[in-house]
Amino acid sequence: MRIAKSVFVRPGSNATYGMVATALSLFVFAYSPRFGQPSILLYYTLWFPLVLMDYRNVLGNYRKQLWLFAFGVLTCLSIFWSAAPPVTARAAIQYMTHIICALIAMRTLDIRTLTRGAIAGTGIVLIYSILFGYYAYDPIDGNYSFVGAFDSKNQLGFYASLGIYFAFAAVFILGERRIWMVGAGIAGLLSAYCLLASQSATSVLTTGLVVMLGLSMRVILFLSPKQRKTLFAAVAISVVVLAVAGVYLGAVDLVLGAFGKDSTLTGRTYLWQQGIAAAQLNPFFGVGYQAYWVQGFSEPERLWEEFFIASRTGFHFHNTYIETTVETGLVGVLLLASILLTTVIGHISRFLSDNRNDESYVLLGIAILLLIRSFVEIDILNPYHVGSFLFYFSAGKLSMRTRVPKADPLVSYDRMEFAPPANWEPRTGR
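Residues numbered from 1 in each chain as written. Predicted model: local features only at pLDDT ≥ 70, side-chain atom pairs only at ≥ 80, totals over all residues. Heavy atoms only, no water.

Student: In this structure, what is going on with the overall build of the protein? I would like to understand it.
Tutor: Helix and strand counts for the protein come out as 18 helices and 2 strands. The proportion of buried residues among the 430 residues of the protein is 49%. The long-range fraction of contacts in the protein, counting pairs at least 24 apart against all pairs at least 6 apart in sequence, stands at 75%. (Helix = DSSP H or I, 4+ residues; strand = E, 2+ residues; numbered from the N terminus. Buried < 20%, exposed > 50% of the residue type's maximum accessible area, 1.4 Å probe, protein only. Contact = heavy atoms within 4.5 Å.)

Student: Before we go on, may I ask you to explain the packing of aromatic side chains in this structure?
Tutor: Each aromatic ring pair is characterised by the separation of its centres together with the angle its planes make. The full count for this structure, using the stated rule, is 34 aromatic pairs. Taking the centre distance of 5.0 Å and the plane angle of 70° together, the rings of Phe29 and Tyr43 count as edge-to-face. Linking Phe29 in helix α2 (residues 15-35) with Tyr43 in helix α3 (residues 37-47), this pair joins segments that are 14 residues apart in sequence. The two residues Phe29 and Tyr43 agree in class, both being buried. Ring geometry for Trp293 against Trp304: centres 6.0 Å apart, planes inclined by 45°, an arrangement best described as tilted. Pair noted here: Trp293 is in the loop between α14 (268-279) and α15 (298-306) and Trp304 is in helix α15, with a separation of 11 residues, a long-range link. Trp304 shares its class with Trp293; the two are buried. Every member of this aromatic cluster is reached through a ring pair, and the members are Phe27, Tyr31, Phe35, Tyr128, Phe132, Phe150 and Tyr159. (Phe/Tyr/Trp six-rings, centres within 6.5 Å; stacked < 30°, edge-to-face > 60°.)

Student: Would you explain helix α16 (residues 320-353) in this entry?
Tutor: Since one α-helical turn is 3.6 residues long, residues separated by three or four positions face the same way. Taking 1.5 Å of rise per residue, the 34 residues of α16 would be expected to cover 50 Å, yet its terminal C-alpha atoms sit only 30 Å apart, more than 12% below that figure. At Thr328, α16 shows its largest kink, close to 130°. For α16, the tally of buried residues reaches 24 of 34 residues, placing the bulk of the element in the interior. Its side-chain oxygen at 2.9 Å from the backbone nitrogen of Tyr321, Asn319 defines the N-terminal cap of α16. (Expected span 1.5 Å × (residues − 1). Bend = angle between axes of the 7 residues up to and from the residue. Polar contact = N/O pair within 3.5 Å; in protein donor to acceptor, adjacent residues only side chain to side chain.)

Student: So what exactly am I meant to see when it comes to the nonpolar core here?
Tutor: In a soluble, globular protein the nonpolar side chains are often hidden away together inside. Tyr43 and Trp47 are the most contacted members of the largest nonpolar core, which totals 94 residues. Here the element with the most residues in this core is helix α9 (residues 153-173); it accounts for 14 residues. Filtering out sequence-adjacent residues up to four positions away, Trp47 remains in contact with Ala21, Thr22, Ser25, Cys101, Ile104, Ala105, Thr108, Leu109 and Phe389. One finds Ala84, Ala279, Val287 and Trp304 within the second-largest nonpolar core, a separate group that totals 18 residues. (Core = buried A, V, L, I, M, F, W, Y, C linked by side-chain atoms within 4.5 Å.)

Student: Sorry if this is basic, but what is going on with the side chain of Ser78 here?
Tutor: Mapped onto the elements of the fold, Ser78 is located in the loop between α6 (70-77) and α7 (85-108). Engagement of the side chain of Ser78 in a polar contact is seen with the backbone oxygen of Thr75, the distance being 2.6 Å. When residues no more than four places from it in sequence are discounted, the contact partners of Ser78 are Thr88, Gly288 and Tyr289.

Student: When you look at the pattern of salt bridges in this model, what are you seeing that I'm missing?
Tutor: It is possible for side chains of opposite charge to pair when their charged atoms get near one another. Taken as a whole, this structure holds 9 salt bridges when the rule is applied. Two residues, Glu176 and Arg116, come together in a salt bridge whose shortest N-O distance is 2.8 Å. Of the two residues, Glu176 sits in the loop between α9 and α10 (179-198) while Arg116 sits in helix α8 (residues 111-132), which places them 60 residues apart along the sequence. As far as the burial class goes, Glu176 and Arg116 line up, both buried. Between Asp379 and Arg373 there is a salt bridge, with the nearest N and O atoms lying 2.6 Å from each other. A single burial state applies to Asp379 and to Arg373, both of which are buried. (Salt bridge = Lys/Arg side-chain N within 4 Å of Asp/Glu carboxyl O.)

Student: Would you mind showing me how to read unusual backbone geometry here?
Tutor: Excluding glycine, residues mostly have negative phi values, and the peptide bonds linking residues are mostly trans. In this structure, Arg178 takes a positive phi of about 60° despite not being glycine. In this fold, Arg178 is placed in the loop between α9 and α10. Phi at Gln290 takes a positive value of approximately 55°, unusual for a residue other than glycine. By the secondary structure assignment, Gln290 is in the loop between α14 and α15. What makes Gln290 partly exposed here is its relative accessible area of 23%.

Student: Quick question: what am I supposed to make of empty space enclosed by the protein here?
Tutor: Rolled over the atoms, a probe sized like a water molecule indicates the empty space that remains. The tally for this structure, following the rule as stated, stands at 2 cavities of 30 Å³ or more. In this model, the largest cavity occupies a volume close to 40 Å³. Thr22, Leu26, Leu114, Ala118, Leu162, Phe166, Val386, Phe389 and Leu390 are the residues that line the largest cavity. Looking at the lining of the largest cavity, the elements with two or more residues in it are α2, α8, α9 and α18 (386-397). With 3 residues, the single largest contributor to the lining of the largest cavity is α18. Looking at the lining of the largest cavity residue by residue, the classes come out as 8 nonpolar, 1 polar and no charged. Space inside the second largest cavity adds up to approximately 30 Å³. Lining the second largest cavity are Met217, Ile220, Phe232, Ile348, Phe351, Leu352 and Leu364. Top contributing element to the lining of the second largest cavity by residue count: α16, with 3 residues. Each residue belonging to the lining of the second largest cavity can be placed in one class, and the counts come to 7 nonpolar, no polar and no charged. (1 Å grid on protein atoms, 1.4 Å probe; cavity = no way out; pocket = protein on both sides within 12 Å on 5 of 7 lines; lining within 4 Å. Points joined across faces, edges and corners; volume = space filled by probe spheres on them. Nonpolar A, V, L, I, M, F, W, Y, C, P; charged D, E, K, R; others polar.)

Student: Looking at this model, I keep getting lost on a nonpolar patch on the surface. Mind explaining?
Tutor: Among the surface-exposed residues, Val73, Leu77, Phe80, Trp81, Phe284, Phe285 and Leu330 lie close enough to one another that they form a single nonpolar patch of about 730 Å² accessible area. Take Trp81: it is sitting in the loop between α6 and α7. Using a relative accessible area of 32% as the deciding quantity, one classes Trp81 as partly exposed. (Patch = residues over 30% accessible without salt bridge, like charges linked within 9 Å, V, L, I, M, F, W, Y side chains within 5 Å. Areas by Shrake-Rupley, 256 points an atom, 1.4 Å probe, with all protein chains shown as cover.)

Student: Which parts of the structure should I look at to understand the side chain of Ser32?
Tutor: Its location among the elements puts Ser32 in helix α2. Aside from chain neighbours lying at most four places away, what touches Ser32 is Ser39 and Ile40.

Functional significance is not addressed by these values, which are geometric in nature.
Next up, the structure:
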């Protein structure tokens, strides 16, 4: 019996395979440190064989996607000046292959399949954490918090944030009903429980902001593209003014106080100072991709000891731009930041210009979530991480031509309808 290639590679026709592959990928991203190399091989097995089935459609025109590989290429080149060449070589190859897998997924999955797979994947990840997780003591803020099956409450909080957002997107953006509406509700409840149990202020704040943004964007859909752009510009300016005023009036301290945090962000401001000092030693190209946090080097050993990191692994500067500058210099941070900003601006442009573009509607929320978190986490900087996977998936969609019509002869937002031509007449014959 022959199985059609479309079951695996054609967006929309491969819903079952796409949902399973996405869900398993999220599980691998979450727990690959626990399950080791077999889980990584499973991840590659889910995506690379699709190239053999239909390489033209799966790979697409990579000349339009060269900008997506800019930072990945730099990580590979940093092997030549790395302070730890073997570490950089392995990490750079992993990051490049991870980018390729994300772009394969981008070419073969539509937004509905991605959303359903993410709901299933986050649900499985959080159930596993609830069943096999534990509470850990944080010596910095002096509290116990639920970290699940992760080593950090912030990672558990990130998956909970994604679970809530994708559940919201499935029901309120994509209009899922019946079984997927129930599934989204269950995943949303699990995510809300884990988010509260983790006590991750970063995840709570970013989740609330992105969901509120998604609701406000739904109101914009009732306006014409021209009116949307005017309203969006006015709102954006107002938000910036209010944010600046809030900083000067002490609103930041009030928000942090509500979550039991102080103005040092539980030591992150000190960590940022140390990162900036380290970046100044090699300002243009850094010390090499992932070549700073290496056991045996004096500075990371000192910081591990000061922050009570007994494992001497899995630590970073809690800021994407500082971490990137330390490892790949100003050149690296410029390349990575340009991809992130292009992704956000590109999906904003599509959302405001098209009559209805659910793909950019959903991916814009993801891009803004990653942008906000980039100031306190490094979600897009590591291989085998759900943040970097969604980052390159969202960016890659901009390289594909949108199929949403921009003309609006007659538009229904529940289902696209087009008025017939003026000279159209129904056929009466056989």
